[in-house]
Amino acid sequence: MTATATTAAAPLPAARPTTRAGWEARAASLRIEGRAFIDGRYVSAASGRAFARLSPIHGRAVAEVAEGAEADVNAAVASARRAFEDGRWRDRAPVERKRVMLRFAELIRADLEELALLETLDVGKVIGNSLAVDVPFAADCIAYYGELADKRFDEVAPVGPRDVALVRREALGVVAAIVPWNYPLIISAWKLGPALVAGNSVVLKPAEQSSLSAIRLAALAAEAGLPDGVLNVLPGFGEAAGRPLALHGDVDMVSFTGSTEVGKLMMGYAGASNMKRVALECGGKSPHVVLPDADLDAAASGIAWGIFYNQGETCHAGSRVIVHRAVQEALVEKIAAVQRAEIPLGHPLDPAAGMGAMIDEAHMGRVLSLVEAGRREGARVHCGGGRALAETGGFYVAPTILDGVGQRDRVAQEEIFGPVLAVTPFDTEAEAVAMANGTVYGLAAAVWTEDMHAAHRLSSAIRAGTVWVNCFDRSSLATPFGGFKQSGFGRDRSPHAVDKYTDLKTVWTAYR
Ligand code: NAD
């Protein structure tokens, strides 16, 4: 075939939309798959039931999603178990597993616009971020762990002269990955990458609010050559699908990301069933501690992006500011100015929007009721404080700063998971540390100061899985991520993440 003939026959790819209307037209032409993916194919729920997914952008249905329940859980787990036991994935040469995972990552990148659009329609996050962050970060994560496939070594223990003790890491078996709705693609990839590279089979249960990108991922993984049954995607509600999955006697591990409340249930399910391994990435109430010598412009930028990015629906969002009284007023002004200039609330399909919609109406109501609680407890509403863009039919909350919050107030203690920042003043460093550590959470924190002695003192004293100094939310696949205290245990990202999807086995041989 000539080059000319090839060009003539191939349909031209549509250019990437540059306007809201362009993305709306693209959305209208999408054919969205909402079925479960079990044993290598898309299937309806055994009950035939499906639920409508209402997009938080406008409150209208965008997809019908299979309503998985116990029968579907059993089918998905049985498929994953067969795939694990016959070794169709774990026994493949590491270099072959690497090739499949790298191809999977490439297919995610190639599917950028469709995956980004699904993520935005489902979750209400802005399209610019879905394109620039969610999809590429998910692809990078799968590639990162794919690369590890032929680079991890087992150990030989130093024992007697006529003994060889191999210390091997072996796959656990069937992993249930139960994930939340705020970063569906990224968090799914954080589970799939290390679980798959270790040789496990996975049943991925997306949150009921955000099933669409996970359902699409399954087809891309299959196209990349992941054998049937190694990745099953089971949409459905927490009680009806997540609970039987976490209680299942043939699931070897639950890797959970979500609320602290449901994380605690996971530990109960493991104890009540087969003592499956549990790894938990749960809630947060991350503090910024701002000392009086801090670069206030840098701090204001880090704080504004840290709470308003993804409209505050981020587990490690810097939702508390603990600021020295001398710079409180100036800092608050600057944070509000950064939000206005750089992170405008808008329609999520508008490429210029900086923050979008809350995940659903119930969550919007919860965020607003906590703002009300803050007001009642005496906080001053510096900006925002109410619903926005109500004319769209969608679920938006105005970017909100509550100033003068007391350390014991609900808005200083409870995870709000919305664009709401609580500002509390301090007078002494000891008081600031006590406040920073004064919640049940310990996911992340930041310290802002030009004094390196203070930076080291505070980063040691604050109990959190990540402490940023003079920055916020800088991250890499190379660094572990996860919590202290009731923010959970186990780590996503970095080579350490693979460990929790494996067990150590000693093989001891004595020779003559
Ligand atoms: P959630 O706990 O309500 O739900 C998480 C997942 O658990 C969903 O898939 C849900 O269907 C399932 N689930 C709910 N109830 C269940 C039950 N009884 N049995 C089994 N499964 C059940 O959390 P969410 O509202 O989806 O997400 C927001 C929460 O996630 C916030 O608390 C946030 O901090 C947390 N989060 C933490 C991290 C982290 O890495 N630490 C990252 C993102 C989100």
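The rules behind these values
- Residues numbered from 1 in each chain as written.
- Predicted model: local features only at pLDDT ≥ 70, side-chain atom pairs only at ≥ 80, totals over all residues.
- Heavy atoms only, no water.
- UniProt positions renumbered as here; feature names shortened; annotations may be inferred.
- Helix = DSSP H or I, 4+ residues; strand = E, 2+ residues; numbered from the N terminus.
- Buried < 20%, exposed > 50% of the residue type's maximum accessible area, 1.4 Å probe, protein only.
- Contact = heavy atoms within 4.5 Å.
- Polar contact = N/O pair within 3.5 Å; in protein donor to acceptor, adjacent residues only side chain to side chain.
- Expected span 1.5 Å × (residues − 1).
- Near = heavy atom within 4 Å.
- Areas by Shrake-Rupley, 256 points an atom, 1.4 Å probe, with all protein chains shown as cover.
- 1 Å grid on protein atoms, 1.4 Å probe; cavity = no way out; pocket = protein on both sides within 12 Å on 5 of 7 lines; lining within 4 Å.
- Sits in = over half its atoms within 2 Å of the grid points.
- Nonpolar A, V, L, I, M, F, W, Y, C, P; charged D, E, K, R; others polar.
- Domains from an automatic or database assignment.
- Axes fitted to C-alpha atoms, helices over the stretch in contact; angles between N-to-C directions.
- Parallel < 35°, antiparallel > 145°, perpendicular 65-115°, else oblique.
- Points joined across faces, edges and corners; volume = space filled by probe spheres on them.
- Buried area = accessible area lost by both parts, 1.4 Å probe.
- Salt bridge = Lys/Arg side-chain N within 4 Å of Asp/Glu carboxyl O.

For the chain, the name recorded in an unreviewed UniProt entry is Aldehyde dehydrogenase family protein, with Lichenibacterium ramalinae as its organism. Heading Sequence similarities (unreviewed entry) of the UniProt record for the chain holds this comment: "Belongs to the aldehyde dehydrogenase family."

Q: What should I look at first to understand the environment of Arg 320 in this one?
A: With respect to the helices and strands, Arg 320 occurs in strand E13 (residues 320–324). The exposure class of Arg 320 is buried, given its relative accessible area of 3%. Residue contacts for Arg 320: discarding those within four places in its chain leaves Lys 285, Ser 286, Pro 287, His 288, Gln 407, Ala 412, Leu 421, Ala 422, Met 435, Ala 436 and Thr 439. Among the polar contacts made by the side chain of Arg 320, one reaches the main-chain carbonyl oxygen of Ala 436 at a distance of 2.9 Å.

Q: In this structure, what is going on with helix H7 (residues 184–197)? I would like to understand it.
A: The end-to-end C-alpha distance of H7, which contains 14 residues, comes to 20 Å, matching closely the 20 Å that a straight helix rising 1.5 Å per residue would cover. Of all 14 residues in H7, 14 are buried; the element is thus mostly enclosed. Phi for Gly 199, located one or two positions after H7, is positive at around 100°.

Q: Would you take a moment to explain the site of the ligand for this structure?
A: The immediate surroundings of the ligand are formed by 30 residues, with Val 179, Glu 208, Ser 259, Cys 282 and Glu 415 found nearest. Note that an oxygen atom of the ligand is positioned 3.5 Å from one of the backbone N or O atoms of Gly 238. Separating a nitrogen atom of the ligand from a side-chain N or O atom of Tyr 269 is a distance of 3.1 Å. Here the ligand has 840 Å² of accessible area as a free molecule, and 91% of this is covered by the chains. Placement of the ligand is best described as lying within the largest pocket. Of all the elements in the fold, those that place two or more residues in the shell around the ligand are helix H9 (238–247), strand E10 (253–257) and helix H10 (260–272). The residue inventory of the shell around the ligand, partitioned by class, reads 17 nonpolar, seven polar and six charged. Mapping the shell around the ligand onto the domain boundaries places at least three of its residues in each of domain 1 (20–282 + 491–502) and domain 2 (287–475).

Q: Looking at this structure, I do not really get the packing of helix H6 (residues 127–148) against H7. What am I missing?
A: Describing two packed helices takes the angle between their axes plus the distance from one axis to the other. Contact pair H6 / H7: the axes reach a minimum separation of 8 Å and the direction vectors enclose 10°. It follows that H6 is roughly parallel to H7 by the angle criterion. Residues Val 133, Asp 134, Val 135, Phe 137, Ala 138, Cys 141, Ile 142, Tyr 145 and Leu 148 of H6 form the contact with H7, whose participating residues are Leu 185, Ile 186, Ala 189, Trp 190, Leu 192, Gly 193, Pro 194 and Val 197. Per-class residue counts for the contact of H6 with H7 are 15 nonpolar, one polar and one charged.

Q: Where do I start with the layout of surface pockets in this structure?
A: Think of a ball as big as a water molecule: rolled over the atoms, this probe shows where empty space is left. One number sums up the size of the largest pocket: a volume of about 910 Å³. Listing elements by their share of the lining of the largest pocket, those giving two or more residues are H9, E10, H10 and helix H13 (361–376). With six residues, the single largest contributor to the lining of the largest pocket is H10. Within the lining of the largest pocket, the residues separate by chemical class into 16 nonpolar, ten polar and nine charged. A volume near 610 Å³ is recorded for the second largest pocket. Around the second largest pocket, the lining is made up of 27 residues, and of these Val 133, Phe 137, His 316, Asp 473 and Ser 475 lie nearest the centre.

Q: Even after reading the chapter, I still don't get the domain arrangement of the chain, so can you show me in this structure?
A: Many authors give the size of an interface as the accessible area that is lost as the parts come together. Taken domain by domain, the chain holds domain 1 (20–282 + 491–502) and domain 2 (287–475). Once you take the C-alpha centre of each, domain 1 and domain 2 turn out to be 30 Å apart. Listed as interface residues are 28 residues of domain 1 and, on the opposing side, 30 residues of domain 2. Buried surface at the junction of domain 1 and domain 2, summed over both partners, amounts to about 2400 Å²; 60% is from carbon and sulfur atoms. It is Arg 20, Ile 57 and Trp 181 in domain 1 that bury the most area against domain 2; as a group they hold 23% of the surface buried on that side. Summed over the shared surface of domain 1 and domain 2, the result is zero salt bridges. Our count for the contact surface shared by domain 1 and domain 2 stands at nine residue pairs in polar contact (both at pLDDT 80 or more). Mapped by element, the contributors of at least two residues to the side of domain 1 that touches domain 2 are helix H2 (20–28), helix H5 (112–123) and H6. Here the side of domain 1 that touches domain 2 is built from residues that sort into twelve nonpolar, nine polar and seven charged.

Q: What am I meant to see in the pattern of salt bridges here?
A: Note that side chains of opposite charge can pair when their charged atoms are close. Applying the stated criterion to the full structure yields 32 salt bridges. The partner of Asp 150 in a salt bridge is Lys 98, with the nearest N and O atoms 3.0 Å apart. Of this pair, Asp 150 sits in the loop between H6 and strand E5 (155–157) while Lys 98 sits in helix H4 (residues 94–110), and the two are 52 residues apart along the sequence. According to the relative accessible area criterion, Lys 98 is buried, its value standing at 16%. Where Glu 208 meets Lys 205, a salt bridge forms, and the shortest distance between an N and an O atom there is 3.7 Å. Here Lys 205 falls in the buried class, since its relative accessible area comes to 3%. Through salt bridges that share partners, Arg 81, Glu 85, Asp 250 and Asp 252 make up one connected network.

Q: I tried to follow unusual backbone geometry on my own but got confused; where do I start?
A: Only a minority of non-glycine residues have a phi that is not negative, and only a minority of peptide bonds are not trans. A positive phi angle is found at Met 275, which is not glycine, with a value near 55°. As for its position among the elements, Met 275 is in the loop between H10 and strand E11 (277–281). What makes Met 275 exposed here is its relative accessible area of 67%. We note that Gln 311 has phi near 45°; this positive angle belongs to a residue other than glycine.

Q: Quick question: what am I supposed to make of the UniProt feature "active site" (unreviewed entry) in the chain here?
A: Residues annotated in UniProt with the feature "active site" (unreviewed entry) correspond here to Glu 281. Mapped onto the elements, Glu 281 comes out in strand E11. Among residues more than four places away in sequence, those in contact with Glu 281 are Lys 191, Phe 256, Thr 257, Gly 258, Phe 481, Gly 482, Gly 483, Ser 487, Gly 490, Arg 491 and Asp 492.

Q: Help me understand empty space enclosed by the protein, please; the structure alone is not making it clear to me.
A: This model, assessed by the stated rule, comprises three cavities of 30 Å³ or more. Taken as a whole, the largest cavity holds about 70 Å³ of empty space. Forming the boundary of the largest cavity are 13 residues, of which Ala 317, Ser 319, Glu 415, Ile 416 and Phe 417 lie nearest the centre. Residue composition of the lining of the largest cavity, grouped by class: six nonpolar, five polar and two charged.

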